[in-house]
Amino acid sequence: MIPLAIPNLQGREADYLQDCITSTFVSTVGPFVTNFEGQIATLSGTPSAVVLCSGTTALHLTLEGLDIGENDLVMLPSLTFIATPNSVKHAGADVWLVDVHASDWTMDVSLARDAILSKTDPHADGRIHRETGKILKAIMPVMIMGAVPDLDGLCDLAREFGLKVVVDAAAAIGTSGINGVKLGMTGVDAVCYSFNGNKTVTCGGGGAVASNNSALITRIKHLSSTGRVGANYDHDIVAYNYRMTNLQAAVGVAQLERLDEFLNAKQVIRNTYAEFASKFEVLDAFPEPQFGRNGHWFSGFWYTGEDPEVGQKFRNHMKSSGIDLRPFWKPIHLQAPYRAALVEPMHVAGDLWQRIFPLPCSTHLTPEQLDTVLDAASVFWTAYEGTS
Ligand SMILES: *Cc1c(COP(=O)(O)O)cnc(C)c1O
C-alpha cells in the first residue's frame, strides 16, 4: 500500500536519539529541547517559542495563556481537523464556526465580519454575543494543509473588533506571509504548530507556539510544566504536564536540518497533482492562495462534478490499486461533539469536504510511486469522463 503521509527519518534522527540515550537526557530538559525552541522561534521571526507535546496542547495553552476560557467564544472555520475546536473546549471556551472561501478554503473574512457585526456588540474584552451573552475574544484561522490565509485581512478584522489572532499553523512549518514575512511577524498573536507523525516535520508527536509576546511564551511554559515556581514543589496554579521531551526534540532538530528539502519535495508533489488535474474536466488542483509561501503539507485534487457517489468509487478504485486514499476531514459542524455549537451558514464547507482527495504526499515518495498513483487515478477519471 502506498501510504498517505509517513515520516521521512533518513537524516540524523537515529544519531540524535542515541545522543539522548547516551547522555540520559531523555526527559523534558535537554539540549535538543532548547535548540528546537530556538529554531522554531527563528523560523517564525519571534524572540521566543515554546515546544509542547502536541499541536492540540499548543493551541489549548495559547488560549489559556491569553485568558480565554469559560464564558468565552473563539471563532474558527468549520473546515479543519477536530483538534482545532477541541483545543477551544479544552480551554473551557466555546466555538463559533464560520465557513471558508470557496476560492482558497481558508476562513472567510467577510462572512466572519458580517456575523460579528450582526450578532455581537462591543465589549471591553472583545465582543459580546447577544444571544448567548458569551464574549468573543479570538479568531483562530487555520492554515489548511499548509496554505497561507489572508493574514492581513484577518489581522485587520481582529483589530477592528479587539480580538486576538491565534493561528492554527499545525501543518504549516516553513511557510511565510506576503513578501516572505515570517508568520510570527504578520501581526498575529501566536502561531501554533504540530509535529505529529504525518506532518511535514515530525517529532513523532509534538507541538510548538511562537509569539512576539514573550510574556505569553513564558506563561505557556509555566502552564505546560505544572505551574512550578522555584526549585521546590511549590506550584501557583492548576497547570499541566504538556512538555515536549528531549527525545522528541532530537527528532525535530534532525528533521529541521532537511526542512528545505522537505518543502521542495512537497512542492514537486503538488505541481504533479495539479498538472494531472488540469487534464480532466471534473478535477481541480487544491487552491494556491496568494498570501505567501504555502507549505503543501497535503496535496491532491478535488472533484467539481455532480455525482455524489464518485468519491467512494474513486477511493475504492485507488485502494484496490494499492493506494491509501481516505475521505478528507468531515467539517466540525457535522461532528457529534459540536452539534450544538454556534454555527454560521455552511454553503462551502458543508459540501466541499466530500470532494477533496488528498493523495500520497510523503516527502520521500519515489517517482515510481507517484507514477503508480497517477496511473491508477488516470484509469478511473478517463473512464469516468468517457462515460459521462
Ligand atoms: C495536525 C493538526 C492539528 C493537531 O495537531 P496534534 O499534534 O495532532 O495535536 C491541529 N490542527 C490542524 C489543522 C492539523 O492539521
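Residues numbered from 1 in each chain as written. Predicted model: local features only at pLDDT ≥ 70, side-chain atom pairs only at ≥ 80, totals over all residues. Heavy atoms only, no water.

## With respect to the overall build of the chain
Looking only at helices and strands, one finds twelve helices and 13 strands in the chain. In terms of C-alpha radius of gyration, the chain reaches 21 Å, essentially the compact-globule figure of 21 Å for 388 residues. Across its three principal axes, the chain shows a C-alpha extent of roughly 70 × 60 × 40 Å. Burial statistics for the chain: of 388 residues in total, 56% are counted as buried. Across the chain, the fraction of contacts at a sequence separation of at least 24, relative to all contacts at a separation of at least 6, is 71%. When the accessible surface of the chain is totalled, it reaches about 15,900 Å², and 52% of it is carbon and sulfur. Separation between the mean location of the 28 positive side-chain charges and that of the 41 negative ones in the chain comes to 4 Å. (Helix = DSSP H or I, 4+ residues; strand = E, 2+ residues; numbered from the N terminus. Rg over C-alpha atoms; globule rule 2.2 N^0.38 Å. Buried < 20%, exposed > 50% of the residue type's maximum accessible area, 1.4 Å probe, protein only. Contact = heavy atoms within 4.5 Å. Areas by Shrake-Rupley, 256 points an atom, 1.4 Å probe, with all protein chains shown as cover. Lys, Arg positive; Asp, Glu negative; His and termini not counted. Charge placed at Lys NZ, Arg CZ, Asp CG, Glu CD.)

## Quick notes on the site of the ligand
Taken together, the neighbourhood of the ligand is formed by 16 residues, with Gly-55, Thr-56, Asp-168, Ser-194 and Lys-199 sitting nearest. A distance of 2.7 Å is found between a nitrogen atom of the ligand and a side-chain nitrogen or oxygen belonging to Asp-168. Residue Ser-194 places a side-chain N or O atom 2.7 Å away from an oxygen atom belonging to the ligand. For the ligand, whose unbound accessible area comes to 380 Å², protein coverage reaches 92%. Secondary-structure elements contributing two or more residues to the shell around the ligand are α3 (55-65) and α4 (83-90). Partitioned by chemical class, the residues of the shell around the ligand number six nonpolar, eight polar and two charged. (Near = heavy atom within 4 Å. Polar contact = N/O pair within 3.5 Å; in protein donor to acceptor, adjacent residues only side chain to side chain. Nonpolar A, V, L, I, M, F, W, Y, C, P; charged D, E, K, R; others polar.)

## A closer look at the packing of aromatic side chains
Within a pair of aromatic rings, the relevant descriptors are the distance that separates the centres and the angle that separates the planes. Under the criterion given, the structure shown has 23 aromatic pairs. Arranged with centres 5.9 Å apart and planes meeting at 80°, the rings of Trp-105 and Trp-302 form a pair that is edge-to-face. Of the two residues, Trp-105 is situated in the loop between β3 (94-98) and α5 (109-119) and Trp-302 in strand β11 (residues 299-303); the sequence distance between them amounts to 197 residues. Accessibility assignment for this pair places Trp-105 and Trp-302 in one class, buried. (Phe/Tyr/Trp six-rings, centres within 6.5 Å; stacked < 30°, edge-to-face > 60°.)

## Some points on the packing of helix α1 (residues 13-23) against helix α8 (residues 246-256)
Contact geometry of α1 with α8 gives a least axis separation of 8 Å together with a crossing angle of 150°. What the angle tells us is that α1 and α8 run roughly antiparallel. Crossing of α1 against α8: the hand is right-handed. Two secondary-structure elements touch here, α1 through Glu-13, Tyr-16, Leu-17 and Cys-20 and α8 through Asn-246, Leu-247, Ala-250, Val-251, Val-253, Ala-254 and Gln-255. Class assignment of the residues belonging to the contact of α1 with α8 gives a composition of eight nonpolar, two polar and one charged. (Axes fitted to C-alpha atoms, helices over the stretch in contact; angles between N-to-C directions. Parallel < 35°, antiparallel > 145°, perpendicular 65-115°, else oblique. Left-handed = near helix turned anticlockwise from the far one by under 90°.)

## A look at the nonpolar core
Counting 76 residues, the largest nonpolar core has Leu-79, Trp-105, Val-209, Phe-301, Phe-314, Met-318 and Trp-381 as its most contacted members. The element best represented in this core is helix α12 (residues 367-387), accounting for eight residues. Built from parts of two domains, this core gets at least three residues from each of domain 1 (13-256) and domain 2 (259-387). In this structure Met-318 touches Ile-323, Leu-325, Leu-359, Val-373, Ala-376 and Ala-377, once residues within four positions along its chain are discounted. The next biggest cluster of nonpolar side chains, apart from the first, holds 53 residues, and it includes Ile-40, Val-191, Tyr-193 and Val-253. (Core = buried A, V, L, I, M, F, W, Y, C linked by side-chain atoms within 4.5 Å. Domains from an automatic or database assignment.)

## Observations concerning empty space enclosed by the protein
This structure, assessed with the given rule, holds two cavities of 30 Å³ or more. Estimated volume of the largest cavity: approximately 110 Å³. As for the largest cavity, its lining consists of 15 residues, of which Ile-144, Met-145, Ala-147, Phe-286 and Pro-287 are closest to the centre. When grouped by side-chain class, the residues that make up the lining of the largest cavity number eight nonpolar, four polar and three charged. When residues of the lining of the largest cavity are sorted by domain, at least three fall in each of domain 1 (13-256) and domain 2 (259-387). (1 Å grid on protein atoms, 1.4 Å probe; cavity = no way out; pocket = protein on both sides within 12 Å on 5 of 7 lines; lining within 4 Å. Points joined across faces, edges and corners; volume = space filled by probe spheres on them.)

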